[in-house]
Amino acid sequence: MDREKQAEKARDANDFSKGSIARNILNLALPMTLAQLINVMYSIVDRIYIGHIPGASTYPLTGIGLCLPIITIITAFANLFGMGGAPLCSIARGSHEEDRAQKVMGNSFYMLLISGALLMALCLIFKKPLLFLFGASEATYPYADQYITVYLCGTLFVMTSLGMNNFINSQGFGKMGMLTVLFGAVLNIILDPLFIFGFGMGVRGAAIATVISQGASAVWVLKFLTGKKALLKLTGKSMRPEARLVREITILGTSGFVMSVTNGTVQIVCNAVLARHGGDLYVGIMTVINSVREIITMPVTGLTSGAQPVIGYNYGAGCYDRVKSAIKFMSIGCAVFSLAVWAVLFFEPRFFLHLFTKESELIREGIPAMRIYFCGIFMMALQFAGQSTYVALNRPKQAVFFSLFRKVIIVVPLTLFLPMIGNLGTDGVFLAEPISNVIGGTASFVTMLVTVWPSLRKSKKMLEIE
């Protein structure tokens, strides 16, 4: 009886159809933001330490930057099945379909393992041509090769810790989701200097530390999801693949997948164009810019990630006024934070550059590059808010379209052609990002207001008919 009462109490505490919308979102968003920020620190800490190796030039840092597209692709597959399954899990919980929610989680884990194994094998086989395609030179390839070879060996750890942590959060255990990532990140911060400097392993040591830390996070996630505290438990039975569920998970997760893959595509194109117009120095600058972007967008992605379970749960429960309130709170919060970040980056770019390098030339050339690249970041808040609403309400087509629209249709062509217009050169590469933020963010958010907002006035029955 005690166990049943505890389970009932946990369900009541994680019933998002009750209480303050803002409180429900922030109770998830704050620990999830910290968790995502800490998760980013896995790779960010590697770059910080490597950028400060005594006597080293920018080559090791640039080499790590060349690995980012591969890491992004691995993250994309984690998003495909993790972020694809978690909203379905939230909607099922809101509709009190516990059995379906558990099967969604199990099928997501099955697909994470299968896709992770295939990714590891393919990337190890084709790593050399891929790295040169991404802009590697003879000077930077050895560093990139050392890092990515070790990192790929831990692909299953990455897939499990990133993908399945979404299901801890979707059950309302935001603090536990944060602790999952915190455990691995703190371990990585401790191990990095030990392997890089203590054992003199340099870039390879950074990768070893990261793999060990991701492995620790993966064990933590599985221990919780198979333990007593979880509302939905990961079992062998729930992992039996069901074609219908896998299809639903994949369709909904395609948005996050496309967003990550297109981010990787943009990284590849940017590195290749910068290598042609500016050389290894500018690939190093883009590595720093990508690192800074990962850090400063975490609070926004944390807020949207915290809002998604609340939006999905209330949508499943038919509480449409609460859905609208959650969307408003999420959108305003994203906009305010993004404006504040834009101001800080414009006035203090040197601080962020110093985090990653002491090279005077990289800092000198990186300051104007950062100011150009981030000048439209406040408009990205609209992209995040619109995109997250589509995902939370199980509207994958719109979510996928706007992922492709901003990155593939706008950023990639601009990155290729702007450098050739008016002798813009490398400035043209950095200018492509703010232009895409303005156009893509506006299109995503306005379309959400026009298509989603009116539908939330209708009855649940009408929505189901549509």
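The shown structure was predicted, so the numbers you read here are calculated from the model rather than taken from an experiment.

Criteria and cut-off values
Residues numbered from 1 in each chain as written. Predicted model: local features only at pLDDT ≥ 70, side-chain atom pairs only at ≥ 80, totals over all residues. Heavy atoms only, no water. Helix = DSSP H or I, 4+ residues; strand = E, 2+ residues; numbered from the N terminus. Rg over C-alpha atoms; globule rule 2.2 N^0.38 Å. Buried < 20%, exposed > 50% of the residue type's maximum accessible area, 1.4 Å probe, protein only. Contact = heavy atoms within 4.5 Å. Lys, Arg positive; Asp, Glu negative; His and termini not counted. Charge placed at Lys NZ, Arg CZ, Asp CG, Glu CD. Core = buried A, V, L, I, M, F, W, Y, C linked by side-chain atoms within 4.5 Å. Axes fitted to C-alpha atoms, helices over the stretch in contact; angles between N-to-C directions. Parallel < 35°, antiparallel > 145°, perpendicular 65-115°, else oblique. Left-handed = near helix turned anticlockwise from the far one by under 90°.

*Asks:* A description of the overall build of the chain should follow, citing residues and the corresponding values.
*Replies:* Helix and strand counts for the chain stand at 18 helices and 0 strands. At 22 Å, the chain has a C-alpha radius of gyration in line with the 23 Å of a compact globule built from 466 residues. Each principal axis of the C-alpha atoms in the chain carries an extent, and together these give about 65 × 45 × 35 Å. For the chain, the residues scored as buried account for 57% of the 466 residues in total. By sequence separation, contacts in the chain at least 24 residues apart represent 83% of the contacts at least 6 residues apart. Charge separation in the chain, taken as the distance between the mean sites of 39 positive and 25 negative side-chain charges, equals 6 Å.

*Asks:* Talk me through unusual backbone geometry; I want residue IDs and the actual numbers.
*Replies:* In the Ramachandran plot, His-96 falls in the positive-phi region, its phi being about 60° despite a non-glycine side chain. Turning to its location among the elements, His-96 is positioned in the loop between helix H3 (59-94) and helix H4 (98-133). Among the residues examined, His-96 registers a relative accessible area of 60% and is labelled exposed. A positive phi angle, close to 55°, is found at Asn-423, a residue other than glycine. Its place among the elements puts Asn-423 in the loop between helix H16 (396-417) and helix H17 (426-451). Asn-423 gets classed as exposed once you look at its relative accessible area, which sits at 79%.

*Asks:* How would you summarise the nonpolar core if you had to cite specific residues and measurements?
*Replies:* Core analysis: the largest hydrophobic core is formed by 130 residues, its most contacted members being Tyr-147, Met-164, Ile-289, Val-292, Ile-311, Phe-374 and Phe-430. Once you skip the residues sitting within four places of it in the chain, Ile-311 turns out to touch Val-323, Ala-326, Ile-327, Met-330, Ala-392 and Leu-393.

*Asks:* For the packing of H16 against H17, give the residues involved together with the corresponding values.
*Replies:* Two elements in contact, H16 and H17, have axes separated by 9 Å at closest approach and are oriented at 155°. As judged from the angle between their axes, H16 and H17 are roughly antiparallel. Where H16 crosses over H17, the two elements pack in a sense that is right-handed. Along the contact surface, H16 presents Phe-402, Phe-405, Arg-406, Lys-407, Ile-410, Val-411, Leu-414 and Thr-415, while H17 presents Gly-428, Val-429, Ala-432, Glu-433, Ile-435, Ser-436, Asn-437, Ile-439, Gly-440, Ala-443, Ser-444 and Thr-447.

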